[in-house]
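Okay, here's what each chain looks like letter by letter:
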Amino acid sequence: MAAEVKFKSILSLIPDNPGVYQFIDSYGVVIYVGKAKNLKKRVTSYFSKNQSGKTIALLRKTSDIRHIVVDNESDALLLENNLIKKHQPRYNILLKDDKTFPWICVKNEPFPRVFSTRNPVRDGSVYFGPYTSGLMVKTLVSFIRQLYKLRTCSHNLTKQNIDAGKFKVCLEYHLGNCKAPCVGKQQESDYQENMDQIKDILKGNISTVIDHLKMTMAKYSGELRFEEAQSIKEKIEILSRFKSKSTIVSNTIRNVDVFAITQESDNAYVNYLKVNEGAVIQALTIELKIRAEEEKESILGFAITEIRQRLQSDSPEIILPFEPDILLDKVKYTVPKAGEKLKLLELAERNAIYYKLEQKKKRMEHSPQARTGKNLEKLKNDLHMSELPAHIECFDNSNIMGTNPVAACVVFKNARPSKVDYRHFNIKTVSGADDFSSMEEIVYRRYRRIIEENQKLPQLVIIDGGKGQLSSAMKSIDKLGLREKITVIGIAKKLEEIYFPGDSVPIYLDKNSISLKIIQQLRNEAHRFGINFHRDKRSSQMIKSDLDQIKGIGPKTKEILLKHFESAETIKNASVEELENLVGSSKSKVLLDYFRK
């Protein structure tokens, strides 16, 4: 194929070693990063026949191919992940991480603080998480502070500052929540021992902490330090209760990571479970957007590397449904066929499926169609209608002191303007400023025509005006026998009152409700449409009035002038040559003489 010829010289130089390859576009931008056990075989495979549309699109954009050789497959996997994070290539898997998860931070400082954060900072601090529940993080931090008396202040507790007496004890010390290391009442070695236990608890090694505390309690009892031994005993009881609430999945599985994957079109969902001492201590599901042709083994491999790096997992064993394309060094991969490990995998698979369904439901709920349906359902309920108002029409009159009376009808379908269905009306049977009779006329003309032409009637009709305009509109509705087929309401501008036929007491919708906003949008659109039509008609009438007074200018000449000029003022300011070219020298002289006078 043409692409293979284009890159023939590059392909011939690629070695058979493991490594990473990059596709570069004409601007020098990395658009795809991949890994391979054998670079030559993998890159050459892109130029075989019967490639997918996504691969063909990728190759069309590619102007250069570069590669990096590494020592082993595991290094290739890690390097690929780092390069994807650095370059964010257009055609690579996209991690859809649209929310910031909470972490628990053990701060890198003398006498470390323990607190929750959503913004990890690379300053040497140790982070545990992320947790999918903010409530879980709050509970854990409260639990740790109940067990251990930790400082919460932000003072720089260096030995020099403490020895210099820069600090004083605060209220937390007097309340018994802190042992005041700021004034030397707690040694750093004692504080650090507590921090080691806290880290073990956050890693899920609760049994290790309990065993250590039991040894300490026995030691204190032997030394007749009964108050301290009692304090340790209370900690052991709290930890034991906390451990009993953990999700125990196995009595034999000690320290493993579990991964499961489910796919749907261009999205993949990977669930991760961290199991320690037989209990699930951490769970996370991520969504991946597949933007180029990727095998499921490659997708799972990417997810495993990403999650283990992010969560700093060092579990020696991974349970998964199938082996990824490239394996990490010094990690055992297990594809279970039966037993407790299979049950763990099935649990992870259920979590991935539930998350997929949850995301699908969220997307459907936030789609424009769903939002429109929800808004119309609210309008239907607020107006006590029997069917959804998918087709709404709104009428408005427009005139100035009774001159050039016109009306407008705007149409919304599925809560959106349907401008092709908008209609203007010249009032024919009413003279002067009579809004009520004008409304009666246009409503009758509109729906008589719809009935004659066998078109669909709207579910809702909005009349711009109060009780008077609504009553006039209902006369026409009743004449046509449509009262039971259409819901008709009136909206009075002053207080945005909604009137129903035959009811003198209006209803008031919440000023912030979507129902009122839809009604207002229709009313304002009808007003705009009617005003523009009235303005155009009035301008045309004014031009005609001026031209009608000029002797020697007949109907045909007037028509030519009106087509070319938009106003009498434009004709007045036109040059002699322009007028002569348009209507001849004699008529241009008549026009110029008239406007000079």
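Residues numbered from 1 in each chain as written. Predicted model: local features only at pLDDT ≥ 70, side-chain atom pairs only at ≥ 80, totals over all residues. Heavy atoms only, no water.

Quick notes on the side chain of N81
Item 1. By secondary structure assignment, the location of N81 is in helix α5 (residues 73–87).
Item 2. Judged by its relative accessible area of 1%, N81 falls in the buried class.
Item 3. When near neighbours in sequence (up to four residues on either side) are disregarded, N81 contacts F302, T305, E306 and Q309. (Helix = DSSP H or I, 4+ residues; strand = E, 2+ residues; numbered from the N terminus. Buried < 20%, exposed > 50% of the residue type's maximum accessible area, 1.4 Å probe, protein only. Contact = heavy atoms within 4.5 Å.)

Describing the pattern of salt bridges
Item 1. By the definition in use, this model includes 27 salt bridges.
Item 2. The shortest N-O distance in the salt bridge between K35 and D325 comes to 3.2 Å. One end of the pair, K35, is in strand β2 (residues 30–36); the other, D325, is in the loop between β12 (317–319) and β13 (332–334), with 290 residues separating them in the sequence.
Item 3. Taking the relative accessible area as the measure of exposure, K35 reaches 5% and is therefore buried.
Item 4. Taking relative accessible area as the criterion, D325 reaches 23% and is therefore assigned partly exposed.
Item 5. Across the pair D123 and K107 runs a salt bridge, and its minimum N-O distance is 2.7 Å. With D123 in the loop between β6 (114–117) and β7 (126–128) and K107 in the loop between β5 (103–106) and β6, this pair connects stretches of sequence that are 16 residues apart.
Item 6. The partly exposed category is assigned to D123, whose relative accessible area is 30%. (Salt bridge = Lys/Arg side-chain N within 4 Å of Asp/Glu carboxyl O.)

Observations concerning the nonpolar core
Item 1. Ranked by internal contacts, the top residues of the largest apolar core, which has 37 residues, are F259, V270, L288 and L300.
Item 2. Of all elements in the fold, only β1 (19–25), β2, α5, β5, β9 (255–264), β10 (267–276), β11 (279–289) and α12 (296–311) reach the threshold of two or more residues within this core.
Item 3. Sorting elements by how many residues they give to this core places α12 first, with seven residues.
Item 4. Residue contacts for V270: discarding those within four places in its chain leaves F259, A260, I261, L284, T285, I286, L288, L300, A303 and I307. (Core = buried A, V, L, I, M, F, W, Y, C linked by side-chain atoms within 4.5 Å.)

Section: the sheet that holds β1
Item 1. Here three strands make up an open sheet; going across it, the order is β2-β1-β3 and the pairing antiparallel. In this open sheet, the two edge strands, each paired with only one partner strand, are β2 and β3 (62–69). Taken pair by pair, the neighbouring strands of this sheet meet at an average axis angle of 20°, ignoring direction.
Item 2. Bridge count for β1 against β2 is six bridges, and the pairing is antiparallel. Bridging from a neighbouring strand, Y21 pairs with G34 of β2.
Item 3. In the packing of helix α4 (residues 53–61) onto the sheet, contacts are made with β1, β2 and β3, and the angle to β3 comes to roughly 95°. (Pairing = 2+ DSSP bridges. Axes fitted to C-alpha atoms, helices over the stretch in contact; angles between N-to-C directions.)

Details of helix α9 (residues 188–203)
Item 1. The end-to-end C-alpha separation of α9 is 22 Å, in line with the 22 Å expected for 16 residues at 1.5 Å each.
Item 2. Burial in α9 covers these residues: Y191, N194, M195, Q197, I198, I201 and L202. The buried residues of α9 occupy an angular sector of 165° when the element is viewed end-on, so they sit on one face. (Expected span 1.5 Å × (residues − 1). Arc of directions from axis to C-beta.)

A few points about the environment of A303
Item 1. Along the chain, A303 falls in helix α12.
Item 2. Residue classification places A303 among the buried residues on the basis of a relative accessible area of 0%.
Item 3. Along the sequence, A303 and L95 sit 208 residues apart, while their C-alpha atoms lie 8.8 Å from each other.
Item 4. Not counting residues up to four positions away in its chain, the partners in contact with A303 are F259, V270, I286 and L288.

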